[in-house]
Amino acid sequence: MTLETTPPERAGPPRRRRRGRAALMAGCAVLIPAMVAAAVSLGGDTETAAPRRPPPATAQVIRTTLTETTSVDGTLGYGSRETLTAAGRSGTITWLPSPGAMVRRGRAVYSVNADQVPLLYGDMPLYRTLRTGVKGRDVELLERNLAKLGYRGITVDEEFTWATREAVRRWQRNIGVPVTGRVEPGDVFVHPGPIRVAELKTTLGGSAPGHVLAYTGTTKRVTVPLDAADRHLVKKGMKATVKLPGGATVPGVVTGIGKVANESTEQGETVITVEVVVSVRERRARGKLRVFDTAPVKVAVVAEQRENVLAVPVNALIALPGGGYGVEVVQGAVTRSVPVRTGMFADGKVEITGIDEGTTVVVPT
């Protein structure tokens with residue numbers, strides 16, 4: 001007996017696998033060209049593209065002023081001290097100003113036996129008694145000060161008249177001293193201008209005559225012990241910059257150059273210096289100087305200045321094979337070496353000749 005069987009139908013999944021493989025191959029055929037195209041669009045085939053070299057940094061030849069400065073150590077203060085002596089007076093010191101006080105025309109500098117000794121402006125001390133009938137420059141000095149203090153009715157000349165005596169009497173009465181109508185040498189202290197009290201040399205109850213106090217001028221300034229070999233670098237009227245402790249700077253000007261050489265020893269070596277004075281204006285300093293009465297400072301003075309010169313950055317210079325210096329001039333996409341002559345170096349620039357203003361040069365970084 002023959003049994004007939006119906007062959008089983010092949011399951012569906014194998015067919016689906018064949019279809020999936022065919023779809024995958026078809027997808028790859030589409031994807032691979034797309035990846036190649038993307039690679040090409042990003043600059044790649046099978047090799048990496050070389051990076052482009054950036055263009056060189058350049059600068060132009062400019063016309064400018066070059067300034068060379070030199071920095072030296074200095075001391076901020078009020079200048080040298082002078083000692084005031086109570087000459088021509090005997091008695092007891094009954095009043096003294098405070099250190100740091102500013103004394104101006106007509107104000108008391110000190111008192112002896114309760115009589116104040118005022119400050120008068122002038123260029124010579126009183127050396128004799130001034131009274132009616134006396135003539136001379138010292139009389140004119142007294143009359144000029146009385147006029148400045150507001151006493152009228154006198155003629156400022158060299159003759160001590162009746163009008164002068166009456167003005168003296170009114171002045172003596174106002175400042176509380178004996179009214180005599182005459183002026184003794186020890187009655188006043190004469191100085192060219194206002195003074196600043198630097199240090200007291202005596203105390204209340206001390207005896208006169210004798211040293212009373214040390215004083216200075218009232219204008220802050222910087223003194224610089226400049227090496228005598230560098231004296232030619234500075235001139236009166238030359239501008240300077242003073243750097244204070246903390247970094248603040250104030251403008252100054254050279255107002256004095258010493259003619260006397262001073263010898264000192266530093267680290268076993270003999271140093272010869274001259275004193276240079278740099279004046280600073282407190283108004284232009286905008287309060288920066290108020291912090292210090294005295295302080296060590298740095299002073300930058302202009303050693304040399306060249307105006308209306310052609311210059312390029314120092315980095316633009318190249319050493320030429322045959323010696324000397326040159327620059328690389330940019331002309332379109334081409335550069336070429338051009339020899340130049342150098343002059344002054346300052347402010348990161350160098351003076352050059354042999355090339356035109358406005359020329360573009362390479363500045364290596």
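Since this is a predicted model, take the numbers as computed values, not measurements. (Residues numbered from 1 in each chain as written. Predicted model: local features only at pLDDT ≥ 70, side-chain atom pairs only at ≥ 80, totals over all residues. Heavy atoms only, no water.)

*Asks:* Give a detailed account of helix H3 (residues 162-175), specifying residues and quantitative values.
*Replies:* Between its terminal C-alpha atoms H3 stretches 20 Å, which fits the 20 Å expected from 14 residues at 1.5 Å a residue. Taken as a whole, H3 has its buried residues at Thr164, Ala167, Val168, Trp171, Gln172 and Ile175. On an axial view of H3, the arc spanned by its buried residues comes to 135°, and they lie on one face. With respect to the buried face of H3, the exposed residues turned more than 90 degrees away are Trp162 and Asn174. Buried-residue contacts for H3 involve strand E7 (115-121) and helix H2 (137-148). Of the residues flanking the start of H3, the one acting as N-cap is Thr161, its side-chain oxygen 3.3 Å from the backbone nitrogen of Ala163. Gly176, located one to two residues past H3, shows a positive phi value of around 80°. (Helix = DSSP H or I, 4+ residues; strand = E, 2+ residues; numbered from the N terminus. Expected span 1.5 Å × (residues − 1). Buried < 20%, exposed > 50% of the residue type's maximum accessible area, 1.4 Å probe, protein only. Arc of directions from axis to C-beta. Contact = heavy atoms within 4.5 Å. Polar contact = N/O pair within 3.5 Å; in protein donor to acceptor, adjacent residues only side chain to side chain.)

*Asks:* Residues and numbers for the nonpolar core, please.
*Replies:* With 23 residues, the main nonpolar core has Leu76, Val222, Val242, Leu244, Val276, Val278 and Val299 as its most contacted residues. At the level of elements, strand E2 (62-77), strand E12 (221-227), strand E13 (239-243), strand E14 (249-257), strand E16 (269-280) and strand E17 (295-313) are the ones that each hand at least two residues to this core. If we skip the residues at most four places from it in the chain, Val222 touches Gly74, Thr75, Leu76, Val242, Val276, Val277, Val278, Val297 and Val299. In terms of nonpolar packing, the next biggest core, distinct from the first, is built from 20 residues, Val134, Ala167, Val168 and Val183 among them. (Core = buried A, V, L, I, M, F, W, Y, C linked by side-chain atoms within 4.5 Å.)

*Asks:* Give a description of empty space enclosed by the protein that names residues and reports values.
*Replies:* Inspection of every chain in the model, using the stated rule, returns one cavity of 30 Å³ or more. Estimates place the volume of the largest cavity at around 40 Å³. In terms of lining, the largest cavity is formed by Val72, Val224, Leu226, Val234, Val276, Val278, Val299 and Val301. (1 Å grid on protein atoms, 1.4 Å probe; cavity = no way out; pocket = protein on both sides within 12 Å on 5 of 7 lines; lining within 4 Å. Points joined across faces, edges and corners; volume = space filled by probe spheres on them.)

*Asks:* Describe in detail the pattern of salt bridges, supporting the description with residues and values.
*Replies:* Per the stated rule, a full pass over the model turns up eleven salt bridges. The partner of Glu199 in a salt bridge is Arg81, with the nearest N and O atoms 3.0 Å apart. Here the residue Glu199 occupies a position in strand E9 (residues 195-200), and Arg81 occupies one in the loop between E2 and strand E3 (82-85), the gap between them amounting to 118 residues. The shortest N-O distance in the salt bridge between Arg128 and Asp138 comes to 2.7 Å. (Salt bridge = Lys/Arg side-chain N within 4 Å of Asp/Glu carboxyl O.)

*Asks:* Before we move on, can you summarise the sheet that holds strand E5 (residues 102-103) with the specific residues and values?
*Replies:* Strands sit in the order E3-E11-E9-E5 across an open sheet of four strands; the sheet is antiparallel. Across the chains shown, the open sheet's two edge strands, defined by having one partner strand only, are E3 and E5. In the sheet, E5 pairs with E9 via two bridges, with the strands oriented antiparallel. Paired with Val103 across the two strands is Ile195, which belongs to E9. (Pairing = 2+ DSSP bridges.)

*Asks:* Residue-level account of H2, with values.
*Replies:* Residues spaced three or four apart along an α-helix point in a common direction, a consequence of the helix completing one turn every 3.6 residues. Taking 1.5 Å as the rise per residue, H2 with twelve residues should run 16 Å; its terminal C-alpha atoms sit 17 Å apart, in good agreement. Where H2 is concerned, the buried positions are Asp138, Val139, Leu141, Leu142, Glu143, Asn145 and Leu146. Structurally, H2 contributes buried residues whose contacts are with E7, H3 and strand E8 (189-191). In the stretch just after H2, Gly150 is the one whose phi turns positive, near 100°.

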